[in-house]
Structures are given as C-alpha cells and as structure tokens.
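# Topology and contacts: notes
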Amino acid sequence: MIVSTLVAASLIAPAKPVICIDPGHPSENGVGTRGKEVTEVQLVWDLGVEAGKRLRGLGYSVVFTKSKVGEKVTNARRAEIANEAKANLLLRLHADAGNHSGWATFYPDRKGTVGKSTGPSDAVIKSSTAAAKAFHPAAIKALGGVLKDAGLKTDRATNIGGKQGALTGSILSQVPVLLVEVCVLTNPSDEKVAKSKEGREAMVKALVAGTQAAVPLPKK
Ligand SMILES: [Zn+2]
C-alpha cells in the first residue's frame, strides 16, 4: 500500500521546473575579466552556486554547466547541457568590463549564426524574450539599489552578439536563455559591491527573484 501510494503521489506531483545555471568561463572566450581583486570566473561561480542552492530549496531542479570553478567548458557544450536537461531556463552568468556600471540582462531577439549553426528557433526567441522581461525587473527590484540598472538589452548589444546576430550560447540553445552581466568588475564602485558580503547577498537574491519571476513554480 505504501509503495502504491508513493507511486501515485509521484505521478500527481507536478514536475519541478529545471534551471540550468551557467557560471561563465573558462571557455573558448578565455578566463573572463577581473577587477583589482575580484575575478569574474570566481564571482559568478560563487553567486551561481549559492543561487542554485536556494532555488533547490524553493523547489526547483537545478543543473550546472560546470562542476568546479576552473573547469573549461565551451559555450557550445554549455548550451548542450541545458538542452539535454530540457531546462526551463538557461541562466548564463557573467561580469562585464568597461566604464559603465550596474546589472544588465541580455536575451536573443533574432537568429544569429555561428559556424554552421543558425538559431535560436522562433519559439526560443519568444520564450527568452518573455523570460527576460519578467527576470530583469524582478532582479533589479531585489537588488534594492545596491547596483545600478544597466538595462534589459538584446544579445546584439554585446560584442559577439553584434557580430553573430546573437550570442553563441543563445544560438545553440533549444531552451529559454538569458545572460546576466551581474556588474562591471573594472568599475571600482561595482567591484566594491562584488567584494562585500552585503553586495553578494543582494546579487544572489536578484538571481533567485529573477528566476522565480521568469519561471514561476507550479501552484501546489
Ligand atoms: Zn564573461
């Protein structure tokens, strides 16, 4: 009886939404940027691991594209991991370099081409756009002014996206995909936030709140 009840319960329970967290670098695009002290690869790894832990606690299924901070994974393989997991969201984490400041969210709004691949599909463009429009304002709200709102942008506002039409990770994604530049590490005031416990807590909260807005949990 116990066994059959458990089977029945598992059949009724709604499937957990799957979030694929992709802490950027090292990849074919190098090891990432750095501030005076904080490196992009370590920052986004730390934020991704903590956000993943909290999302699991909330009832999400979470997969990672890397198993340790220094693991080199190509952007193609990262997209493949999200596709294989049939993720409801591929959340790509980066930190920017430049003279600007703040948290920016990027999504593919058209197809791009890398090598022999053109994508993402119209369905993924649509679902990524919807996810981005839910994610970004929720993340900015959760940041509580700790970082500037650097805007919701399309992949074409990035160097690689501008050349290809979309980022490689977007072109190859068969699931909704977003890329966050959590801050601008070469900007001293942003690096200060990225170094502080409070700043990191706000960034983790923003990732979690954004994900919850983009991929709401099924109602119990
Ligand atoms: Zn990066």
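Residues numbered from 1 in each chain as written. Predicted model: local features only at pLDDT ≥ 70, side-chain atom pairs only at ≥ 80, totals over all residues. Heavy atoms only, no water.

## Some words on the overall build of the chain
The number of helices and strands found in the chain is eight helices and eight strands. Taking 2.2 N^0.38 as the reference for a compact globule, 220 residues should give roughly 17 Å; the C-alpha atoms of the chain span a radius of gyration of 17 Å, in line with that estimate. Principal-axis analysis of the C-alpha atoms gives the chain an extent of 65 × 45 × 30 Å. Across the 220 residues in the chain, those meeting the buried criterion constitute 49%. For the chain, the share of sequence-separated contacts (at least 6 apart) that also reach a separation of at least 24 residues comes to 79%. When the accessible surface of the chain is totalled, it reaches about 10600 Å², and 57% of it is carbon and sulfur. (Helix = DSSP H or I, 4+ residues; strand = E, 2+ residues; numbered from the N terminus. Rg over C-alpha atoms; globule rule 2.2 N^0.38 Å. Buried < 20%, exposed > 50% of the residue type's maximum accessible area, 1.4 Å probe, protein only. Contact = heavy atoms within 4.5 Å. Areas by Shrake-Rupley, 256 points an atom, 1.4 Å probe, with all protein chains shown as cover.)

## Here we look at the coordination of the zinc ion
Within the protein, the atoms that donate to the zinc ion are His25 (NE2), Glu40 (OE) and His94 (ND1), at distances of 2.0 to 2.1 Å. Counting along the primary sequence, the residues that act as donors to the zinc ion give the motif H-x14-E-x53-H. Residue His25 is found in the loop between β1 (18–23) and α2 (40–58), and its partner Glu40 is found in helix α2; the two are separated by 15 residues along the sequence. (Donors = N, O, S within 2.8 Å, 3.2 Å for Na, K, Ca; no water.)

## Points about helix α4 (residues 122–143)
Between the first and last C-alpha of α4 there are 31 Å, a value that for 22 residues agrees with the 32 Å anticipated at 1.5 Å per step. Taken as a whole, α4 has its buried residues at Val124, Ile125, Ser128, Thr129, Ala131, Ala132, Phe135, His136, Ala138, Ala139 and Leu143. Here the buried face of α4 lies against β3 (89–96), β4 (103–107), β7 (149–154), β8 (177–184) and α8 (197–214). (Expected span 1.5 Å × (residues − 1).)

## A look at the pairing of β8
Here β8 lies mainly inside the structure; eight of its eight residues are buried. Bridge analysis of β3 against β8 gives six bridges, and the strand direction is parallel. Pairing of Leu90 across the sheet is with Val177, part of β8. In the sheet, β4 pairs with β8 via three bridges, with the strands oriented antiparallel. Counted as the bridge partner of Thr105 is Val180 from β8. (Pairing = 2+ DSSP bridges.)

## Focus on the sheet that holds β8
Sheet strands line up and pair through hydrogen bonds in the backbone, either parallel or antiparallel. Sheet architecture is open: six strands sit in the order β2-β1-β3-β8-β4-β7, paired in mixed fashion. Edge positions in the open sheet fall to β2 (61–64) and β7, since each of these has one partner strand only. Across this sheet, the average inter-strand angle for adjacent strands is 20°, counted without regard to direction. (Axes fitted to C-alpha atoms, helices over the stretch in contact; angles between N-to-C directions.)

## Some points on the pairing of β1
Burial analysis of β1 places six of its six residues in the buried class, the great majority of the element. Side chains of β1 alternate between two faces, with Val18, Cys20 and Asp22 and Ile19, Ile21 and Pro23 buried alike. Examined bridge by bridge, β1 and β2 share four bridges and lie parallel to one another. Counted as the bridge partner of Cys20 is Val63 from β2. Handedness of the β1-α2-β2 crossover: right-handed. Here β1 pairs with β3 via five bridges, running parallel. Across the sheet, Ile19 pairs through a bridge with Leu89, a residue of β3. (Right-handed = clockwise from strand over helix to strand, strands pointing away.)

## Concerning unusual backbone geometry
The linkage connecting His25 with the following residue, Pro26, adopts the cis geometry, with an omega of -15°. For the bond running from Gly119 to Pro120, omega is 0°, close enough to zero to count as cis. Phi at His25 is positive, roughly 70°, even though this residue is not glycine. On the basis of relative accessible area, His25 is assigned to the buried category, the value being 9%. In this structure, Lys86 is a non-glycine residue whose phi angle is positive, near 50°. Assignment of secondary structure puts Lys86 in the loop between α3 (75–84) and β3.

## Let's talk about the side chain of Ser128
For Ser128, the location among the structural elements is in helix α4. Ser128 gets classed as buried once you look at its relative accessible area, which sits at 0%.

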